[in-house]
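Fold and contact review
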Amino acid sequence: MKISVDRTLCDGNGVCMGIAPEVFDIDDDLNLHIVDEIPDDPAVQAQVRQSVTSCPVLALSLEE
Amino acid sequence: MVGDTSQTIVVAGGSLAGHTVVTELERRGFAGRIVWVRGQEGTAPYSRPALSKELIQGKVTAETIRLPVQRPYGPRTRIMDGAVCARLDPHADRVLVTRASREERISFDALFVCTGTNARVPRAFAGLPGVHSLRTLADAERIKERLAVRPRTVVVGAGLVGSEMAASLRSCELPVELIVQGQLPMEAVFGAELGRFCLEQHHANGVTTRLGTTVTALSSAGPRGPVTLTYDDGRESTADMVVLGLGAVTSCDWLDGCGLDLSDGLGCDETLRTVRPNILAAGDVANWRHPLFGHRMRVEHWSNASAQARHAVESWLAGQEDRRPPAFADVPYFWSDQYGLKYQMVGHARGHDEVHVEEAGAGGYPFVTYLREGRIVAAAGVNAPRAVMRMKARIQAELAEAPSAGGSSAGDPSAGAPPAGETTSEEVYAR
């Protein structure tokens, strides 16, 4: 699993950070940081999948 | 594979919750047939939060806000655009689906109710030229079209939609007056401290406000003519366009008379099942008892619709597989964009009896925590995502450690019925 973010779309809305806080971090300038681009833990991977489909601006994508 | 090929699931509603139920059923390999009744709008699902913000401001289009479909819908998923569930059979697992003048009765093994809400428009204000509400893509496009003539706009109501609308119109450099029913915008959501901050932002960005005011009458001089507003203090004003932001009403009249709890939305147990356990709800319409907060609520926000839809699928599948359905215990979250600032809130502030205000984030904006009986139940901040999200985990942990009294067990559909007359809608609460 590899996560990527389209920074032209990401608006720092924080939905992903709410679902998978170990993977997504948004700073106070609303820039998204992917803390763990290739998570191993299946539970975290499930959170990441949920984050991708829950992104309100469709900025996240996934290579499995 | 889950379920069996003879089963039919009807999904009512074509926005985020309905979309997520369908994609989740497919992802989990549901073997039966899905009938997806997508509603009157007749459009593919789209991201609704963008309407009052990016779409009005011209940063996105109807095309770019479509929800992504990870893979094409399966051959056993039937999509009915422009169709609505008009009636549930009180005695059988069957819905009447209507599209234009055609009717069809569809029997189901499970029904997911994701019919959401409509904009609340007082009857006397409905259908007047120049008067708009904002709920659907078509609503937003109608408003956007009018912006070409650079209208003087009055926004009525200063909750989320009204405040965002005012901010979006100012970013297009259009004149805006905001009518605030209470003394502060967003006050019922955020409380006085952050409400005051919101008001300052509106003023600093050139919005004029009328506080403590309601509109008692509207009249329109025709499609191009001005709208006259009459206020409760007897004064009047005119505008080229009026946008109403008066909250939302749930759309579940079609379930009336079937023994379901419709006192505020569709009442469910903690697992999102109704008293008819093969009928489940998700999204704005779902009224459930939150096991951590210990009271019933309805949440009209993006993250909730998506998470509840996924959860409702799990609850139904658990029942099929003789597992105990889990309780839905997500801590609510929403955000709002106004004047380049990101407001974020986690938790549920209803019934709070104490607030703490400090500064957080690089901007040093107010950061508010809301407590009930000494425990943190919500937190809100401006451009401070780390501070807000840290509180999400903390709220979850604190409430889980000491769940409120009177908790009911998951799976008991009669548990936690709302006290008579209690209003739990966040938007109603927000007025």
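Quick caveat, the model's predicted, so the values are computed rather than measured.

Turning our eyes to something else, we now look at the overall build of chain A. A tally of helices and strands in chain A yields two helices and four strands. The order of helices and strands in chain A, counted from the N terminus, is β-α-β-β-α-β. Whereas a compact globule of 64 residues would reach a radius of gyration of roughly 11 Å, chain A reaches 10 Å, a difference of no more than 12%. Once the C-alpha set of chain A is aligned to its principal axes, its extents read approximately 30 × 20 × 15 Å. Per-residue burial for chain A yields a buried fraction of 42% across its 64 residues.

Time to look at the packing of helix α1 (residues 16-27) of chain B against helix α6 (residues 302-320) of chain B. Residue and element names in this part refer to chain B. Axis separation between α1 and α6 bottoms out at 8 Å; the angle between their running directions is 35 degrees. The handedness of the crossing between α1 and α6 comes out as right-handed. Residues Leu16, Ala17, Thr20, Val21, Glu24 and Leu25 of α1 lie in contact with α6, whose contacting residues are Trp302, Ala305, Ser306, Gln308, Ala309, Arg310, Ala312 and Val313. Class assignment for the residues of the contact of α1 with α6 results in nine nonpolar, three polar and two charged.

All names here are of chain B. Position of glutamine 57 among the secondary structure elements: in the loop between α2 (51-55) and β3 (77-81). Given 18 C-beta atoms within 10 Å, glutamine 57 falls into the partly exposed group. Among residues more than four places away in sequence, those in contact with glutamine 57 are Ser168, Ser171 and Cys172.

This paragraph deals with the interface of chain B and chain A. Across the boundary between the two partners, chain B contributes 23 residues, which contact 18 residues of chain A. Elements represented by at least two residues in the side of chain B that touches chain A include exactly α6, β22 (333-338), β23 (341-347) and α7 (385-401) of chain B. It is α7 of chain B that contributes the most residues to the side of chain B that touches chain A, five residues altogether. Across the side of chain B that touches chain A, the residue classes tally to 10 nonpolar, nine polar and four charged.

A separate point is the confidence of the model for chain B. Residue and element names in this part refer to chain B. Here chain B averages 92 in pLDDT, while 93% of its residues score no lower than 70. Low pLDDT (under 50) marks residues 405-431, which in the prediction has 60 contacts with non-local residues, meaning those over four places away or in another chain. Of the two predicted TM-score estimates for the complex, the pTM is 0.92 and the ipTM is 0.95.

Residues and elements named next belong to chain B. Strand order in the open sheet formed by five strands is β9-β16-β10-β11-β12, and the pairing between neighbours is parallel. Edge strands, defined here as strands with exactly one partner in the open sheet, are β9 (131-133) and β12 (208-210). Each adjacent strand pair in this sheet contributes to an overall mean axis angle of 20 degrees, direction not counted. For strand β10 (residues 153-156) and strand β16 (residues 241-244), the ladder comprises four bridges, and the chain directions are parallel. Residue pairing in the sheet places threonine 153 in a bridge with methionine 241 of β16. Where helix α3 (residues 137-146) meets the sheet, it contacts β9 and β16, and its direction lies at approximately 140 degrees from that of β9.

Attention now moves to unusual backbone geometry. Residue and element names in this part refer to chain B. Look at leucine 272: it is not a glycine, yet its phi comes out positive at around 80 degrees. When you line up the elements, leucine 272 lands in the loop between β18 (266-267) and β19 (279-281). With a phi close to 50 degrees, asparagine 383 is a non-glycine residue in the positive phi region. Assignment of secondary structure puts asparagine 383 in the loop between β26 (375-382) and α7.

Each α-helix turn comprises 3.6 residues. Residues three or four places apart therefore point the same way. All names here are of chain B. With 19 residues, α6 should cover 27 Å at 1.5 Å per step; its first-to-last C-alpha distance of 28 Å lies within 8% of that length. The buried fraction of α6 is high, at 14 of 19 residues. Taken from the residues just after α6, aspartate 322 is the one with a positive phi, measuring 55 degrees.

Parameters at a glance
Residues numbered from 1 in each chain as written. Chains lettered and ligands numbered in written order. Predicted model: local features only at pLDDT ≥ 70, side-chain atom pairs only at ≥ 80, totals over all residues. Helix = DSSP H or I, 4+ residues; strand = E, 2+ residues; numbered from the N terminus. Rg over C-alpha atoms; globule rule 2.2 N^0.38 Å. Buried ≥ 20, exposed ≤ 12 C-beta atoms within 10 Å, placed from the backbone. Axes fitted to C-alpha atoms, helices over the stretch in contact; angles between N-to-C directions. Left-handed = near helix turned anticlockwise from the far one by under 90°. Contact = placed C-beta atoms within 7 Å. Nonpolar A, V, L, I, M, F, W, Y, C, P; charged D, E, K, R; others polar. pLDDT = per-residue confidence, 0-100. Pairing = 2+ DSSP bridges. Expected span 1.5 Å × (residues − 1).

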